[in-house]
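Report on the structure
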Amino acid sequence: DLLTITGADDIDSGDTLEFHINPYPIIQSGGILSVLRDDNSSWHELNGATLLRENESLQLVPPANLNGILDGFLIMARDQDGVHSESHILQFDLEATDDAPEIIGESNLSDQLLENDGWSTTFGYLDVDQDNVSWSVEAAPDGPNDTDSFSIDSNGTLSFIGNADFESGKEIYSVLVKVTDQETEAGLSSDDSSTSKLVSLDVLDRPDQTLELGIVN
């Protein structure tokens, strides 16, 4: 309610107030200000100044990873006779929240594994809060549980520790790699498709070596 927030009042009883809104400050900081008109059910992003009337609403989306005092938008009250107030900047105090870490790279990783051979790779991560993280592996969403065939260390190095045998009939090993933020009470983890990483290894057949013995007379 802008009347409550701004304390706008008109000594001329019965006058209807409307608000002149300029989204320039929030646009400059990378945020979005949208309006919901009285005759419309969808939000429209503001790219310039507009009038806000009774029963219309504003929605502000701040820039990502920003906290503290934010300049939202310029506001000026005006009555039906065109008499207006001074222009003021409406500010918002954004509380800091802990963001989940993200694993760098594409969402999934597919690679090849030569049977009876080793394999490893190291993942990086991004955490805007610069918190400590831990790495873990979980069963892939679809397929058998192959977690016993993998290990991951504190540096994000994932290693295959199983015994891949192409002739056994198991041709694919899959695991879900997860990085967890240790600075939150319960831990924020990258458990959605955009930040977790599914790793799949296709086992390749290695030609078996045979030793032929001949008898020399």
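This structure is a prediction, so every number in the text was calculated from the model and none was measured.

Things to note about the pattern of salt bridges
In the structure shown here, the tally under the stated rule is five salt bridges. In this structure, E56 and R37 form a salt bridge, with 3.0 Å as the shortest nitrogen-oxygen distance. Taken together, the positions of E56 in the loop between β4 (50-52) and β5 (57-61) and R37 in the loop between β2 (32-36) and β3 (44-45) put the pair 19 residues apart, joining distant regions of the chain. For the salt bridge of E138 with K178, the shortest nitrogen-to-oxygen distance reads 3.0 Å. Within this pair, whereas E138 is found in strand β12 (residues 133-138), its partner K178 is found in strand β15 (residues 172-181), the two being separated by 40 residues in sequence. The structure contains a network of salt bridges with shared partners spanning E18, R53 and R78.

Details of the side chain of E18
Within the secondary structure, E18 sits in strand β1 (residues 17-22). E18 sits in the buried class, given a relative accessible area of 15%. Among the polar contacts listed, one links the side chain of E18 to the side chain of R78, at a separation of 2.6 Å. For E18, the contacting residues outside a window of four places in its chain are L51, L52, R53, M76, A77 and R78.

Here's the deal with the nonpolar core
If you look at soluble globular proteins, the nonpolar side chains tend to sit buried side by side. Of all hydrophobic cores here, the largest spans 18 residues; its most connected members are W119, W135, F150, L158, F160, V177 and V199. Put simply, the parts of the chain that give this core at least two residues each are β12, β13 (150-152), β14 (157-160), β15 and β17 (197-204). Among the elements that take part in this core, β15 stands out by supplying four residues, more than any other. Listed in part, the 13 residues of the second largest apolar core include L33, L46, F73 and L90.

Some details on the confidence of the model for the protein
Chain-level statistics for the protein give a pLDDT mean of 80 and a share of 80% at 70 or above. Mean pLDDT values over the elements of the protein span from 47, in helix α1 (residues 2-6), up to 95, in β13.

Quick notes on the environment of D129
With respect to the helices, strands and loops of the structure, D129 is situated in the loop between β11 (125-126) and β12. Considering only alpha carbons, one finds D129 and D99, 30 residues apart in sequence, at a separation of 6.8 Å.

Some remarks on the environment of D38
Inspection of the secondary structure puts D38 in the loop between β2 and β3. Each C-alpha atom, one on D38 and one on L52, is 9.7 Å from the other, the two residues being 14 residues apart in sequence. With residues up to four places along the chain from it excluded, the contact list for D38 reads E54, N55 and E56.

As for the pairing of β17
Alignment of strand β9 (residues 108-114) against β17, held across seven bridges, turns out to be parallel. Each residue of the ladder has a partner; that of S110, found in β17, is S200. Of the strand pairs in this sheet, β15 and β17 are connected by six bridges, and their pairing is antiparallel. Residue pairing across strands places V177 opposite K197, the latter belonging to β17.

Rules of the game
- Residues numbered from 1 in each chain as written.
- Predicted model: local features only at pLDDT ≥ 70, side-chain atom pairs only at ≥ 80, totals over all residues.
- Heavy atoms only, no water.
- Salt bridge = Lys/Arg side-chain N within 4 Å of Asp/Glu carboxyl O.
- Helix = DSSP H or I, 4+ residues; strand = E, 2+ residues; numbered from the N terminus.
- Buried < 20%, exposed > 50% of the residue type's maximum accessible area, 1.4 Å probe, protein only.
- Polar contact = N/O pair within 3.5 Å; in protein donor to acceptor, adjacent residues only side chain to side chain.
- Contact = heavy atoms within 4.5 Å.
- Core = buried A, V, L, I, M, F, W, Y, C linked by side-chain atoms within 4.5 Å.
- pLDDT = per-residue confidence, 0-100.
- Pairing = 2+ DSSP bridges.

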